[in-house]
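Structural description and commentary
Spelled out from the first residue to the last, the chains are:
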Amino acid sequence: MHTVADILTDWYDRNGRSLPWRETRDPYRIWLSEVILQQTRVAQGWNYYLRFTERFPDVASLAAADEDTVLKLWQGLGYYSRARNLHAAARQVMTEFGGHFPDTFEAVRSLRGVGDYTAAAICSLAYDRPCAVVDGNVYRVLARLYDIAEPIDTGAGRKLFAALAQETLGKARPSTYNQAIMDFGATLCTPTQPRCDVCPLAEQCAARAAGTIAERPVKKSVAKIRNRRFHYLHIVCGDRTVLHRRGAGDIWQGLYEFPLVESELDAPELYATEEFCSWVGNDWKLLGKVDLPKHQLSHQLIFATVYRIEVPAFTPEAAACAVPIAEVGDYAVSRLLERYLLSK
Ligand code: SF4
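The structure presented is a predicted model; accordingly, all values stated were derived computationally and were not measured. (Residues numbered from 1 in each chain as written. Predicted model: local features only at pLDDT ≥ 70, side-chain atom pairs only at ≥ 80, totals over all residues. Heavy atoms only, no water.)

Here we take up the nonpolar core. Nonpolar side chains in soluble globular proteins generally cluster together in the buried interior. Core analysis: the largest hydrophobic core is formed by 93 residues, its most contacted members being W31, F52, W74, F184, Y232 and W252. Per-element accounting of this core gives the leading share, 8 residues, to helix α8 (residues 116-127). Shared between two domains, this core takes at least three residues from each, and those domains are domain 1 (4-215) and domain 2 (226-343). F52 has contacts with L32, I36, P57, V70, L73, W74 and L86, leaving out every residue within four places of it along the chain. (Core = buried A, V, L, I, M, F, W, Y, C linked by side-chain atoms within 4.5 Å. Buried < 20%, exposed > 50% of the residue type's maximum accessible area, 1.4 Å probe, protein only. Helix = DSSP H or I, 4+ residues; strand = E, 2+ residues; numbered from the N terminus. Domains from an automatic or database assignment. Contact = heavy atoms within 4.5 Å.)

Shown next as structure tokens:
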């Protein structure tokens, strides 16, 4: 009788998607593709992968770049901590591993931003080590295949699924198996409307027999969404404007943006706040106001307005971050602001 691993790898041999990072065994490129594809659709990640490998063909060139260059290249992908970690880990490879990408699970796992999933993916795809990956697709496929009601977002659940994934892993071709189960989850055993009618595992699928497909996998917590109200001050003085670099401890760390006042207050009360006055001063003219489409992040919903303001002179705070308007496009900004800048 064929094992689940046999059926999946056989399915993959016939149906696997051809993607640029699957043509290589270079651990650097595999790592790059894995980081880019976390939280990103393949169609969008593809261009970024090509752009990164062209600009930084190896780990040494990525390590030698400055952070602003890496963030600018990453612009539009979101979850910018991935780019910062990527850059820091490249430097770690240079300093701690003599420029050679590590080749054991523990050493790969020690790189900045690399968790169990990414370490397993790199070790199996680059070195064919028997390390099972567990991502959202794998949770879904296994939860349905074995009809598991244990929530996937608890310590016990994660342990159970990790063990099951390792048990199901085909030892003969771990690299192919890992790609197969992820592709299978992404294209056939999808979150809604899985294609059970053409599924090669349909006979073994316990959730199908039990009629519980729609309830698998189970999640314990429902993510809470936080609403935030942003007021961006697009201050113009002659041919200069103001761009401020975001600090640590919040979204979009290290990216640039117009001075931001985060407040539930709206105009005219907003204009009297200390923060607003410190950026704009007392002598200013409102040229226009644009409400941006609401911006959804994984746990936050941002409601932003941009105020276009003309001033005869910058306040000291604004002057410290003034830049030529013609150079605004050189700075890495969030996708929210990028859309505003492109629409002007
Ligand atoms: S039968 Fe349906 S639910 Fe079960 S593994 Fe196949 S696609 Fe997924």
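From this point, the discussion proceeds with the structure in view.
Burial of helix α9 (residues 136-145) is extensive: 9 of the 10 residues sit out of reach of the surface. When α9 is considered as a whole, its buried residues turn out to be N137, V138, Y139, R140, V141, L142, A143, R144 and L145. Where α9 is buried, its residues touch α1 (4-15), α10 (155-168), α11 (174-187) and α12 (206-210). The N-capping residue of α9, defined by a side-chain oxygen 3.1 Å from the backbone nitrogen of N137, is D135. (Polar contact = N/O pair within 3.5 Å; in protein donor to acceptor, adjacent residues only side chain to side chain.)

With that out of the way, let us pick up the layout of surface pockets. Considering only enclosed or pocket space, the largest pocket measures out at about 1,100 Å³ in volume. Contributing to the lining of the largest pocket are 36 residues, with Q38, Q39, D135, G136 and N137 lying nearest its centre. The leading source of residues in the lining of the largest pocket is α11, at 5 residues. A class-by-class count of the residues in the lining of the largest pocket yields 13 nonpolar, 12 polar and 11 charged. Approximately 500 Å³ is the volume found for the second largest pocket. Together, 21 residues line the second largest pocket, and G78, Y79, W252, L297 and S298 are the ones closest to its centre. Composition of the lining of the second largest pocket by domain shows at least three residues from each of domain 1 (4-215) and domain 2 (226-343). (1 Å grid on protein atoms, 1.4 Å probe; cavity = no way out; pocket = protein on both sides within 12 Å on 5 of 7 lines; lining within 4 Å. Points joined across faces, edges and corners; volume = space filled by probe spheres on them. Nonpolar A, V, L, I, M, F, W, Y, C, P; charged D, E, K, R; others polar.)

What follows concerns the site of the ligand. Contacts to the ligand come from R144, C189, P194, C196, C199, A202, C205, R208 and I213. Put simply, the ligand lies in the largest cavity. Here the shell around the ligand is built from residues that sort into 7 nonpolar, no polar and 2 charged. (Near = heavy atom within 4 Å. Sits in = over half its atoms within 2 Å of the grid points.)

What we call a disulfide is simply a covalent bond connecting the sulfur atoms of a pair of cysteines. Counted under the stated rule, the structure contains 0 disulfides. Not part of a disulfide, C277 finds its nearest cysteine sulfur in C321, a span of 17 Å. The class of C277 is partly exposed, set by a relative accessible area of 26%. (Disulfide = S-S within 2.5 Å.)

Further remarks concern the domain arrangement of the chain. The domain boundaries assigned to the chain delineate domain 1 (4-215) and domain 2 (226-343). Look at where the C-alpha atoms of domain 1 and domain 2 centre, and you get two points 37 Å apart. If you look at the interface, domain 1 gives 12 residues, while domain 2 gives 15 residues. Each partner contributes to the roughly 970 Å² buried at the junction of domain 1 and domain 2, and carbon and sulfur atoms together form 41% of this total. Across the pair D68 and R245 runs a salt bridge whose closest N-O atoms are separated by 2.9 Å. Viewed at the interface, domain 2 and domain 1 are joined by 10 residue pairs in polar contact (both at pLDDT 80 or more). Of all the elements, helix α5 (residues 67-74) adds the most residues to the side of domain 1 that touches domain 2, at 4 residues. (Buried area = accessible area lost by both parts, 1.4 Å probe. Salt bridge = Lys/Arg side-chain N within 4 Å of Asp/Glu carboxyl O.)

Now for the packing of helix α2 (residues 27-37) against helix α3 (residues 42-55). In contact at an axis separation of 9 Å, α2 and α3 are set at 140° when each is read in the N-to-C sense. As judged from the angle between their axes, α2 and α3 are oblique. In the packing of α2 onto α3, the handedness of the crossing is right-handed. Mapping the contact onto sequence places R29, L32, S33, I36 and L37 in α2 and V42, G45, Y48, Y49, F52 and T53 in α3. Grouping the amino acids of the contact of α2 with α3 by side-chain chemistry returns 7 nonpolar, 3 polar and 1 charged. (Axes fitted to C-alpha atoms, helices over the stretch in contact; angles between N-to-C directions. Parallel < 35°, antiparallel > 145°, perpendicular 65-115°, else oblique. Left-handed = near helix turned anticlockwise from the far one by under 90°.)

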